Amino acid sequence: MKPELPLQKISTCFHCGEDCGEIKLVFNEQSFCCQGCKLVYEVLSENQLCSYYDIADHPGESQKKKKLQANRFDYLDDEETAAQLVDFRNEIESHFTFHIPLIHCASCIWLLENLHQIHSGIFYSRVDFVKKKVQIKILHNKISVKELVSLLSTIGYEPLINLSDLEKKQSSSYDKRLIQRLAVAGFCFGNMMLFSIPEYFSEADLIDSSFRGLFSYLNVLLAIPVVFYSASDYYKSAWNSFKQRKINMDIPIVLGIIALFAYSLWEIFAYHRSGYMDSLGGLLFFLLLGKLYQQKTFSTLEFDRDYKSYFPIAVTKIYKDLEEVVPLAKLQVGDVILVRDEELIPSDSLLLSSSANIDYSFVTGEEVPVPKQKGELIYAGGRQIGDAILLTVQKSPSQGYLTNLWNNDSFKKSTKRLLEPLSAKISSAFTWSVVFIAVTGFSYWAFYDLSIAIKVFASVLIVACPCALAMSTPFTLGNTLRIFGKSRFYLKNAHVVERLALIDTVVFDKTGTLTDPVNAKVTYLGEVLSQESKAILKSMVERSTHPLSNRINLWLGNQKGEVLQEVKEIKGAGILGIFKNQEFRLGSTKFTGFKKEITNLNGNLVCFTVEGLELGYFLIESGLREKAVDVVTQLKAGYNLHILSGDFSHEQLYLEDKLGDTIKFNFQQSPSDKLNYLKELNSTCNTLMIGDGLNDAGALLESEVGVAISDRVSHFSPASDAIMDSEVFGMIPDFLSFAKSSRIIIKASFILSLMYNVVGLTLAVQGLLSPVICAILMPLSSVSVVVFTTLSTNFIAWKKGLLTSKLT
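Attention here is on the structure that accompanies the text. (Residues numbered from 1 in each chain as written. Predicted model: local features only at pLDDT ≥ 70, side-chain atom pairs only at ≥ 80, totals over all residues. Heavy atoms only, no water.)

Looking at the sheet that holds strand β6 (residues 133-139)
Link 1 in the chain: Judged by pairing direction, the sheet is antiparallel, and its four strands sit side by side in the order β3-β4-β6-β5 without closing on themselves. Edge positions in the open sheet fall to β3 (86-89) and β5 (122-128), since each of these has one partner strand only. The mean inter-strand angle of the sheet, taken between neighbouring strand axes irrespective of direction, is 15°.
Link 2 in the chain: Note that β5 and β6 share six bridges and pair antiparallel. Along β6, the bridge assignment pairs Y124 with K137.
Link 3 in the chain: Each of β4 (93-99), β5 and β6 is contacted by helix α5 (residues 145-154), which is oriented at about 40° to β4, the strand it contacts most. (Pairing = 2+ DSSP bridges. Helix = DSSP H or I, 4+ residues; strand = E, 2+ residues; numbered from the N terminus. Axes fitted to C-alpha atoms, helices over the stretch in contact; angles between N-to-C directions. Contact = heavy atoms within 4.5 Å.)

Right, dumping it as structure tokens:
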């Protein structure tokens, strides 16, 4: 049964609100301006989605100008063309991200996130309102790309598709509708002030008294477009909030506008006085000016986060048989790249190696590796599991897409004790309090002077500014993210900053984190290695990302490798290689079957065998990272410190001598042991785990904050909350201290905002502030919060050395 909806006037389209003119298209007792709008309504009605029209009035886009031709999107039947729109595709599903400029209200979000009710082939859709984008996942055996785009167009949300420029970055822009409303308010306000000059100088006879009434009526005419056009967004926002049984900051503003306008009309027409129309015009002008400033500031913050503060993913490019590490931005279509075990595939590429095992868990949530054969297309976001593979790039890489994977819902952590959600709750309670104070003030003054009562009512509602309270957290954290990014410490979102500030326990992974391959001393003991054995070793270790493999790789120098039949790395154990049908093993004594007793160890032991025959072993004496001792010394004062390692405990005495014996050491920890250790710590502590993201990905995800420190940023783990360039390892204490300072700045801005509101409300409730002054003060409070948080974070960052030239 179709939902019953109220009958609309024939002159207005129920879908888009445009004038129907002489066209009389009626369906289900609703009128429409064209067949397109009627078709959209029929689709929504058939799928029980008419709640779309309850969230906002006439939320749809007019379909008059659209050519509903059957062949309009035929170009998407071409597989190569359609493939350019695909983010990911496997045997079952395909993922797309569309830019839809027509997204403009809550109804748009609601409808686009309920596409699965319109077509069974769509199983997921999520809207990014700020960027006007929607991510859609489909079952491609039920709906094609052409059908999906046609469906979006049919319901009034045609994607903007420009196949020649898919990677173009969109610069931040102003809301044109807001500028138009501001222009109208400014024009009317200026003229109303001009007509009110005789009132401003009422003691002087500047004009004949008979003209004063005329000017008051002209002010009424000028106030009409201000009240009904310039303020329309406030009405829509307040009405939508009211329908959802919530209260937002626009409701007090709307009440103030209505009260001031109604009282001014009553004064002008009933008592032939001047009213407050000029004040009303000034009120809307300054409110919209503040809104434009706020929008611009948020837009700048969003743009800065999108295109300036990304972590710098690097890629190993093969050029003339040589490996070259290049930034993602310099990767071009046709380049050949090398992707090692567990490294991220940066862009859609064709597989050049004979086979690969791709883990798409960051894209689909499915952890089972997908086997791929030579010549198959592999999508960005997958990770190679096993041997290193060669690929040729087929599509320009998108850092934005990879960063979206980093912020996947699968990796979300609790927001308990964070200030950002708390500020939203405070803002809501604050709004209710303001309405109560306004009503109380009006009731009191109404007994003495109704004009003062109206003035007090409007001033209280307008001067109070919960937005300043709500803005303090995102602006402080946003600027902190930017500063961290400049310091080569890349956080995936603002929540990580707050969680860093709450840390009381720091857990280090030893190998590759506290120790540095460059500072390690490698000694080989055993049979003399032939050139062939060294070549086999080279091919084994260069395919691995483990720090010990990297150290042996450096020890081998420019030795060329052999072509091996198979190379397989077993996490926490070692590397298995097959050459001329012989099995070579490099790794722990247990993995290699090394039985020779080795004594007086002062380092890591890596054994090398062939077909069970013991050839020798590498003794790798760990070299601590530069400033590792300073970092641990500084952290001891305020944090509980733990060290986890998969190695044997023979280095404990050396580490205790260098780092101190107050640290809790834990050796022979497998990846699962590290994960369980963090789980146990989290029951009583707020943990920060710092590792390399190789054998400790589970521990990074389990900790309150997981930081992957890497010498090679090509190894990127979305399970981490942050990525730190190894060169700034020594700044860890400064980063933690700066995060704590940021939280203090947020609290200080709360107090600043509270003081402003207390003073403003105190003056307003006494009738000492006019609505125009209140309208000026309201955006100024937001400006003051932005200026305070920006200057404070920049000053503290400068003081801690996070903005100095040495980081650039």
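Next, the rest of the story.
Describing the sheet that holds strand β21 (residues 582-587)
Link 1 in the chain: The strand order across the open sheet built from six strands is β18-β23-β22-β21-β20-β19, with neighbouring strands paired in antiparallel fashion. Either end of the sheet is taken by a strand with one partner, and the two such strands are β18 (521-526) and β19 (566-570). On average, adjacent strands in this sheet sit at an angle of 15° to one another, irrespective of strand direction.
Link 2 in the chain: Bridge analysis of β19 against strand β20 (residues 574-579) gives five bridges, and the strand direction is antiparallel. Bridged to I570 within β20 is G574.
Link 3 in the chain: Across the sheet, helix α20 (residues 547-556) is in contact with β18, β20, β21, β22 (604-610) and β23 (613-621); its angle to β23 comes to roughly 100°.

Observations regarding the packing of aromatic side chains
Link 1 in the chain: This model, assessed by the stated rule, comprises 21 aromatic pairs.
Link 2 in the chain: For the pair F228 and F261, a centre-to-centre distance of 6.1 Å together with 90° between the ring planes defines the contact as edge-to-face. With F228 in helix α8 (residues 209-230) and F261 in helix α10 (residues 250-271), the pair connects residues that are 33 residues apart, well separated along the chain.
Link 3 in the chain: Looking at F228, the relative accessible area reads 56%, which means it is exposed.
Link 4 in the chain: When the ring of F484 is compared with that of F735, the centres are 5.5 Å apart and the planes differ by 80°; the resulting orientation is edge-to-face. Placement of the pair is F484 in helix α16 (residues 466-486) and F735 in helix α26 (residues 732-765), with a sequence separation of 251 residues.
Link 5 in the chain: On the basis of relative accessibility, which here comes to 1%, the residue F735 falls in the buried class.
Link 6 in the chain: Here the aromatic residues F484, F489, F735 and F738 are joined through ring pairs into a cluster of three or more.
Link 7 in the chain: Here the basic side chain of K137 rests over the ring of Y124, its NZ or CZ set 4.6 Å away from the ring centre.
Link 8 in the chain: Here the guanidinium or amino end of R585 rests over the ring plane of F591, the centre of that ring lying 4.6 Å away. (Phe/Tyr/Trp six-rings, centres within 6.5 Å; stacked < 30°, edge-to-face > 60°. Buried < 20%, exposed > 50% of the residue type's maximum accessible area, 1.4 Å probe, protein only. Lys NZ or Arg CZ within 6 Å of the ring centre and 35° of its normal.)

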